[in-house]
Amino acid sequence: MLQHLVKKHGPVRLLESVTEVLQHSSRHFGSLQEKMRRSSRNFHFSIYGKRDNAKVSDGISTQYPVVDHDFDAVVVGAGGAGLRAAFGLSEAGFNTACVTKLFPTRSHTVAAQGGINAALGNMEEDDWRWHFYDTVKGSDWLGDQDAIHYMTEQAPAAVVELENFGMPFSRTEDGKIYQRAFGGQSLKFGKGGQAHRCCCVADRTGHSLLHTLYGRSLRYDTSYFVEYFALDLLMEDGECRGVIALCMEDGSIHRFRAKNTVIATGGYGRTYFSCTSAHTSTGDGNSMVTRAGLACQDMEFVQFHPTGIYGAGCLITEGCRGEGGILINSEGERFMERYAPNAKDLASRDVVSRSMTIEIREGRGCGPEKDHVYLQLHHLPPQQLATRLPGISETAMIFAGVDVTKEPIPVLPTVHYNMGGIPTNFKGQVISHKDGVDKVVPGLYACGEAASASVHGANRLGANSLLDLVVFGRACALTIAENFTPGETLPPLKADVGEESVANLDKLRFANGSTRTSEIRLNMQKTMQSNAAVFRTGSILKEGCDKMDSIYRSMDDIKTFDRGIVWNTDLVETLELQNLMLNAVQTIQSALARKESRGAHAREDYKERIDEYDYSKPIQGQQKKPFDEHWRKHSLSYVDAISGKVTLDYRPVIDNSLNEEKCAAIPPAIRSY
Amino acid sequence: MKPTGFLTTELRECMNVASEYDHTAFHGASINDDVTGVALLPLSSDGAFRDRFGSVLLAARNGNVRPGSSLLFCWTGGSEQSEAKKSLFTVWARSTGSSAGGAAKDRGPLKKAHTPRGRLDHPDEEEHREVVQRFPDDVNPETKEKGGPRGPEPTRYGDWERKGRCIDF
């Protein structure tokens, strides 16, 4: 262990840090293990019944109590996808652990109040192939068609299964699940008009989904390790053999050895200043995979919404502008007239977002930092507002602190979903791309927003996200059940695996630089918001990349204040900041490299989509562009965690469906609605 | 035990003050010892404050102390029995608002304690205040959807709207 640390930190620095550690420890804690023996309070988990295989070890650290657990499968994250995977595995008889930093019903899935798409055919005749077509088109042909085929074919069965678990969907008069029309869904491959596919539970589908899945999971004997922060994957010989986690409650380190690890940690909205995600959406899974030397896919595709409330992050509906609300800058000018003379404020979302960003960049933003614009509604009659948009005055007062009938609401473009993540195949297995071939990483799976399967491609359609969670959560569980049996002997693991994570933890716990965690995080968020947001050009992205590099280096100078080990939120926030930084640098570097506009990634200097053929004209007679000259490919990004340097690679999109007779693949075309 | 001259002066002062105000009068003493005992002594009919053994501790010299008053007795250094060690630390005379009747009737009406208002208090008021009303029987009259979202159709503007917020999912 010492040799390893010496290599990493250099001998003198190691001596300093070791002395510091010993001084600190002896001064503050005596010997931790001694203290633990003396104290009457037990460890957070209890070694009884099933968990009698847990044993304290000192293989990696004598300063921190380390406990080793053996399981058949470990699921990291307990949102929609994580819970579905966890109890799917328990149902199949596997001894499963679910390691989560939040209580399961507090995961961010609870905020997804809309609905789930499924081609059940309750309102009109429907076919899952039409849903398949809509999703492929929505992803701007960057989605892997086999994964989309799998998801849309399984959708009706998944929704019926949820309903059988007890999820109270809204019903029609006949008692069938009520489906409503929602964004981008059509009939007959786009030619049959709007499709009604979105099933919901009153106003709280995500909440209900999470509670249903949690309640269902309690039927099985999954071991929940709640408020355990997963630090890293335990990799050996290119295989994933488990997870190492910090118990936040008592500061002990736990190594979960398992043959199968499923990552379902969610997205990384918190890299941006304005986002709708919870403070806990910090891309932990993506960064664990990055530190293990694997790639993340399509990180530059981040979905924005034009009008999110400044500071709070809640989105204001487009109906405000539809009812007559206008966007104004600091000069009081209705700036949309300049950018979209005909549609004005009713222009499409990306036009509005880009216009707002340009106004802010050119110095006409509002507020003390001139970093947002105003949405004005007080010129409309209050009665009209109250009848057409009930509840908006309440929302504006609670989240923005303004009276809608007198003052404008501060808004700016806000992140709400990350299409990028850990690359997987349609079965949920994580893949790595070497020498032009996709290879499965043994023992590692991913599902949910953390994964990029990739069903959403360059742009996610509404109501597909919740579907993605349940289908791929179940897919991971099925794949594991298919290939392994419960109770298999675990592959051998070196005694000192995971020590870098503990060394890192220790380094952060005693960090004594000059910048606080919150300052570095704010710098990163502001840089990403101004340079890697909706409005992207080469020069702005380059400026952003350089700023991010210096912010990444400033992480060496970080200062934490809490030296304790019990519920050290300063330490956990700093670990989360490390994770956010890895996600942020990948996002901005991939965006700089992708010289085209596709889906959610729109560049001013390259406004067109660059595919292997020009699909606006007939393909006959066209020369197919070689792989490195077109952009219909997934970006894979690797980061060197110490220097922050990003390396990019590309992998082709999978254009064939799982079964050509059942469902023909959709050849690329120009995406227009 | 007969009150010492010190006590009597203090008590008289206190009662003077008490008579001017209807409510509590507080008079701090100069002794800085810790309080070891406390007793609440009602004024008996002959205008004296008696301890629990019936001995007169203090006589109300000032006729302005109304019947029904009680005295909060705090003492230091010693139990109630050892009178020699008793010394008055602080006197807090509480007098009632009204003039006639016994102790209970003279008190003003009990004010209801200010407890935080719960969600289930006054349920009717809550329903009226709600911005988006529930449908009768939870069935949407136009679309006949049972158990659906309240208020106007959330997808009417192309996104999912609730109370002015756009929900992304």
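The rules we used
- Residues numbered from 1 in each chain as written.
- Chains lettered and ligands numbered in written order.
- Predicted model: local features only at pLDDT ≥ 70, side-chain atom pairs only at ≥ 80, totals over all residues.
- Heavy atoms only, no water.
- Helix = DSSP H or I, 4+ residues; strand = E, 2+ residues; numbered from the N terminus.
- Buried < 20%, exposed > 50% of the residue type's maximum accessible area, 1.4 Å probe, protein only.
- Contact = heavy atoms within 4.5 Å.
- Areas by Shrake-Rupley, 256 points an atom, 1.4 Å probe, with all protein chains shown as cover.
- Disulfide = S-S within 2.5 Å.
- UniProt positions renumbered as here; feature names shortened; annotations may be inferred.
- Polar contact = N/O pair within 3.5 Å; in protein donor to acceptor, adjacent residues only side chain to side chain.
- Pairing = 2+ DSSP bridges.
- Expected span 1.5 Å × (residues − 1).
- Axes fitted to C-alpha atoms, helices over the stretch in contact; angles between N-to-C directions.

(A) Representation of the overall build of chain B in the model. In terms of regular secondary structure, chain B is built from three helices and eight strands. Along its sequence from the N terminus, chain B presents helices and strands in the succession α-β-β-β-β-β-β-α-α-β-β. Within chain B, the fraction of its 169 residues that count as buried is 33%. Across chain B, contacts joining residues at least 24 apart in sequence account for 52% of those joining residues at least 6 apart. By element, 54% of the accessible surface of chain B is carried by carbon and sulfur atoms, the whole surface being about 10700 Å².

(B) Structural view of the state of the cysteines. Within this structure, the stated rule accounts for zero disulfides over all chains. Cys 240 of chain A carries a free sulfur, and the closest cysteine sulfur to it, the one in Cys 476 of chain A, is 13 Å from it. Unpaired in terms of disulfides, Cys 166 of chain B finds its nearest cysteine sulfur in Cys 320 of chain A, a separation of 9.8 Å.

(C) How the structure looks around the UniProt feature "modified residue: Tele-8alpha-FAD histidine" (unreviewed entry) in chain A. Residues and elements named next belong to chain A. Here, UniProt's "modified residue: Tele-8alpha-FAD histidine" (unreviewed entry) annotation points to His 108. Relative to the helices and strands, His 108 resides in the loop between strand E3 (96-100) and strand E4 (115-117). If we skip the residues at most four places from it in the chain, His 108 touches Thr 276, Ser 277, Ala 278 and Ser 281.

(D) Up close: the environment of His 630 of chain A. All names here are of chain A. Tracing the sequence through the fold places His 630 in the loop between helix H18 (569-593) and strand E23 (633-640). Sequence spacing of His 630 and Glu 612 is 18 residues, and the spatial spacing of their C-alpha atoms is 5.4 Å. Discounting residues that sit within four places of it in the chain, His 630 has contacts with Ile 610, Asp 611, Glu 612 and Lys 625. A distance of 3.0 Å separates a polar side-chain atom of His 630 from the backbone nitrogen of Arg 632.

(E) Just helix H15 (residues 499-509) of chain A, in detail. With respect to burial, H15 of chain A is a largely interior element, nine of its 11 residues being buried. Taken together, the buried positions of H15 of chain A are occupied by Glu 499, Ser 501, Val 502, Ala 503, Asn 504, Leu 505, Asp 506, Leu 508 and Arg 509 of chain A.

(F) Spotlight on the pairing of strand E6 (residues 194-200) of chain A. Residue and element names in this part refer to chain A. For E6, the tally of buried residues reaches five of seven residues, placing the bulk of the element in the interior. Pairing of E4 with E6, which is carried by three bridges, proceeds in the antiparallel orientation. Across the sheet, residue Asn 117 finds its bridge partner in E6, namely Cys 198. Inspection of the sheet shows strand E5 (residues 179-186) paired to E6 by four bridges, in the antiparallel sense. Directly across from Arg 180, in E6, lies its bridge partner Cys 198.

(G) Representation of H18 of chain A within the structure. Residue and element names in this part refer to chain A. Taking 1.5 Å as the rise per residue, H18 with 25 residues should run 36 Å; its terminal C-alpha atoms sit 36 Å apart, in good agreement. Most of H18 is tucked away: 23 of the 25 residues are buried. Sitting at the head of H18, Asn 568 places a side-chain oxygen 3.3 Å from the backbone nitrogen of Asp 570.

(H) The sheet that holds E5 of chain A, seen in detail. All names here are of chain A. The sheet built from three strands is open, its strands ordered E4-E6-E5 with antiparallel pairing. The sheet terminates laterally at E4 and E5, the two strands that pair on one side only. The mean angle between the axes of side-by-side strands here comes to 50°, regardless of whether they run parallel or antiparallel. Helix H5 (residues 128-138) rests against E4, E5 and E6 of the sheet, and its axis sits at about 50° to E5.

(I) Here's a closer look at the side chain of Arg 632 of chain A. Residues and elements named next belong to chain A. With respect to the helices and strands, Arg 632 occurs in the loop between H18 and E23. Residue classification places Arg 632 among the buried residues on the basis of a relative accessible area of 5%. Polar contacts involving the side chain of Arg 632 include one to the side chain of Glu 612, which spans 3.1 Å. A polar contact of 2.6 Å, which involves the side chain of Arg 632, links it to the side chain of Asp 655.

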